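So the chains spell out like this:
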Amino acid sequence: MGGSKGKIRDSVNRKADSNKKMGPHRAAPDYYREVVMSKLGKKRKQFIFAALVVPMLLLIAFVVFPAIDLFRMSFTNWDGYSPEKDFIGMANYVSMFQNKDLWMSLKNNAVYFFIHLFMIVVELAFAVLLTGKLKAAKFYKTMVFMPYIINGVAISYAFSYFFSPINGAFDAILSAVHLESLIRSWLSDPKIVNYVLAFVSLWRFSGYHIILFMAALQSIPQDQLEAAEVDGATTWQLFKYIQVPAIMLMVDFVLFDNIRGALQVFDIPFVMTAGGPGYASSTFTLYTIKTAFTFSNFGLASTMAVAIMFMIVLIYVVQNYLIHGLVLKDRRK
C-alpha cells in the first residue's frame, strides 16, 4: 500500500516538474503576441499622426497663410513689384463695387452657371441610361468622359478654329446643309459669344458630371431596385422615388461644383476671346487676373479674389442649408 502511494506521489512530482519546464515555452507565444501588438499599435499611432499633421501643415502653409496675406493685401495699393505698399483702407472694396466692367463679367459668369444648371437634369438622365443595360455602354462611357481628360487650353484652341469665321468648320457645316442664313460671328458677337463659350464648357465638363452620377447610381443596392420592379414600379417611379433620393448627396456635390466652376471660369474665354470684344465675354476670374498682371493693381485684384472666395462660401452655406436642412431632412427622420 505504502509502495503504491509512493509511486503516485512520484508521478505527480514528475508532472509538476514537467509543467515548470514547459511553462516558459507555453508563455512565449503570448509574450511575442503582446510585443507584436504593441509595435503595431505604435506604428498605427505614428501613421495616424503623420496622416493628420502633414496634410494640416500643407493646408496651413499653402491655403491658410496665403488667404490671410491675400486679405491683408486687399487693403493696400501694391503694384506687384514695388517693395513698399500703402494701406488705403476700404478704397479697393469701394472701387470694386463701383466697377461696371466687373459687374458685366459677373453677369457673364451667370450664363455659365444657369446653362450648366439646366444641363444637370440631362446629365443625370444620361447617367441612368448608361447605367442600365445598354449595348456598347463601355464605348459610350469612354466617349462621354474623354473631353474631361483633354487639356482645357487644347480644347479652347480646337473650338477657336471650329468657330472661326475664316474657313471655320462650323460655318462650313451650315453651308453644306444650306443654312447659310444662320452663320454668325460666333466669337465676336456680344449677344451670342457667352453662349458659344458656355457650350464649349458644357462639352468639356458634362462627361465628368455624368461619370459622378453613374458612380452614385451604381452604389444603390440592386435588391431595392429589383424589389420595386417586382412590386410593379415603372422606370419613372424607380428614378423618382429610389434613384434620385439615394444620390442626393452627389447631386449636392455637382451643384456646388457647378457654382464653383462657374465663378472660376478662366481658360476657355481667355484662349478663345481674351474676354472680348471689349469685356463682353470676360469673367470674374479673367478680369481679376487682368487687373493684377495687365494693369499691375494687385491690391484691387486681391480684393476681387477675396470677394469670389466669400461668394463661393456664402453660396455653399445656402445650398448646404437647402439640401441638408430641407430636402434631406425627411430622409433622416
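Q: Please provide a residue-by-residue account of helix H5 (residues 152-162), values included.
A: Among all positions in H5, only Gly-152, Ile-155, Ser-156, Phe-159 and Ser-160 are buried. The buried residues of H5 occupy an angular sector of 140 degrees when the element is viewed end-on, so they sit on one face. Turning to H5, the residues buried within the fold contact helix H4 (137-149), helix H7 (193-218) and helix H11 (267-272). The distance from a side-chain oxygen at the start of H5 to the backbone nitrogen of Val-153 is 2.8 Å, and the residue carrying that oxygen is Asn-151.

Q: Tell me about the nonpolar core, residues and numbers included.
A: Soluble globular proteins tend to pack their nonpolar side chains together in the buried interior. Counting residues in hydrophobic clusters, the biggest one holds 23 residues, and the most contacted among them are Ala-127, Phe-213, Ile-220, Ile-242, Ile-247 and Val-251. Sorting the residues of this core by element identifies helix H3 (100-131), H7, helix H8 (222-230), helix H9 (235-246) and helix H10 (248-263) as the ones contributing at least two each. Among the elements that line this core, the one with the most residues is H7, at seven residues. Excluding its chain neighbours within four sequence positions, the residues that come into contact with Ile-242 are Ile-220, Gln-224, Leu-225, Ala-228 and Gln-237. Counting residues in hydrophobic clusters, the runner-up holds 17 residues, among them Tyr-112, Val-196, Ala-198 and Val-265.

Q: Describe the packing of H5 against H7, listing the residues and the values that go with them.
A: As a packed pair, H5 and H7 sit with axes 11 Å apart at the nearest point and diverge in direction by 135 degrees. By the angle class used here, H5 and H7 are oblique. Crossing of H5 against H7: the hand is right-handed. Counted together, Gly-152, Ile-155 and Phe-159 of H5 and Phe-199, Val-200, Trp-203 and Arg-204 of H7 form the full contact between these two elements. A breakdown of the residues in the contact of H5 with H7 according to their chemical character gives five nonpolar, one polar and one charged.

Q: Account for unusual backbone geometry, naming residues and giving values.
A: Between Gly-276 and the following residue, Pro-277, the backbone shows a cis peptide bond with an omega angle of -5 degrees. Take Pro-277: it is sitting in the loop between H11 and helix H12 (284-293). One non-glycine residue, Asn-167, lies in the positive phi region at around 60 degrees. Here Asn-167 shows up in the loop between H5 and helix H6 (169-176). You can call Asn-167 exposed: its relative accessible area is 77%. Within the chain, Ala-274 stands out as a residue other than glycine whose phi angle is a positive 60 degrees. Position of Ala-274 relative to the elements: it lies in the loop between H11 and H12.

Q: Talk me through the packing of aromatic side chains; I want residue IDs and the actual numbers.
A: The description of two aromatic rings rests on the distance between their centres and on the angle between their planes. Going through the model one piece at a time under the given rule, you end up with 25 aromatic pairs. On the basis of an interplanar angle of 65 degrees and a centroid distance of 6.1 Å, the ring pair of Tyr-148 and Phe-205 is categorised as edge-to-face. Remark: Phe-205 occurs in helix H7 and Tyr-148 occurs in helix H4; sequence separation between them is 57 residues. Aromatic side chains Phe-266 and Phe-270 sit 5.0 Å apart centroid to centroid with 20 degrees between the ring planes, which places their arrangement in the stacked category. Positioned over the ring face of Trp-78 is Lys-85, at 4.5 Å from the centre of the ring.

Q: Pulling in residues and values, what's your account of a nonpolar patch on the surface?
A: On the surface, Val-54, Met-56, Leu-58, Leu-59, Ile-60, Phe-62, Val-63, Val-64, Phe-65 and Ile-68 cluster together to form a nonpolar patch covering roughly 940 Å² of accessible area. On the basis of relative accessibility, which here comes to 46%, the residue Met-56 falls in the partly exposed class.

Q: An account of a positive patch on the surface is requested, with residue identities and associated values reported.
A: Taken together, the side chains of Lys-39, Lys-42, Lys-43, Arg-44 and Lys-45 present a region of like positive charge at the surface. With respect to the secondary-structure elements, Lys-45 resides in helix H1 (residues 2-73).

Q: An account of the environment of Ile-183 is needed here, citing residue identities and associated values.
A: Turning to its location among the elements, Ile-183 is positioned in the loop between H6 and H7. Considered as a pair, Ile-183 and Pro-165 are 18 residues apart in the sequence and their alpha carbons are 8.8 Å apart. With sequence-adjacent residues up to four places away left out, Ile-183 is seen in contact with Asp-171, Leu-174 and Ser-175.

Q: Talk me through the pattern of salt bridges; I want residue IDs and the actual numbers.
A: One side chain can pair with another of opposite charge once the charged atoms of both are near each other. Overall, the coordinates contain three salt bridges when judged by the stated rule. One salt bridge connects Arg-204 with Asp-267, and the closest N-O pair in it is separated by 2.8 Å. Placement of the pair is Arg-204 in helix H7 and Asp-267 in helix H11, with a sequence separation of 63 residues. Residue Arg-204 is classed as buried on the basis of its relative accessible area of 13%. Close ionic contact of Asp-257 with Arg-260 constitutes a salt bridge, the shortest N to O distance being 2.6 Å. Here the residue Asp-257 and the residue Arg-260 both occupy positions in helix H10, the gap between them amounting to three residues, near one helical turn. Looking at Asp-257, the relative accessible area reads 12%, which means it is buried.

Quick notes on the rules
Residues numbered from 1 in each chain as written. Predicted model: local features only at pLDDT ≥ 70, side-chain atom pairs only at ≥ 80, totals over all residues. Heavy atoms only, no water. Buried < 20%, exposed > 50% of the residue type's maximum accessible area, 1.4 Å probe, protein only. Helix = DSSP H or I, 4+ residues; strand = E, 2+ residues; numbered from the N terminus. Arc of directions from axis to C-beta. Contact = heavy atoms within 4.5 Å. Polar contact = N/O pair within 3.5 Å; in protein donor to acceptor, adjacent residues only side chain to side chain. Core = buried A, V, L, I, M, F, W, Y, C linked by side-chain atoms within 4.5 Å. Axes fitted to C-alpha atoms, helices over the stretch in contact; angles between N-to-C directions. Parallel < 35°, antiparallel > 145°, perpendicular 65-115°, else oblique. Left-handed = near helix turned anticlockwise from the far one by under 90°. Nonpolar A, V, L, I, M, F, W, Y, C, P; charged D, E, K, R; others polar. Phe/Tyr/Trp six-rings, centres within 6.5 Å; stacked < 30°, edge-to-face > 60°. Lys NZ or Arg CZ within 6 Å of the ring centre and 35° of its normal. Patch = residues over 30% accessible without salt bridge, like charges linked within 9 Å, V, L, I, M, F, W, Y side chains within 5 Å. Areas by Shrake-Rupley, 256 points an atom, 1.4 Å probe, with all protein chains shown as cover. Salt bridge = Lys/Arg side-chain N within 4 Å of Asp/Glu carboxyl O. Lys, Arg positive; Asp, Glu negative; His and termini not counted. Charge placed at Lys NZ, Arg CZ, Asp CG, Glu CD.

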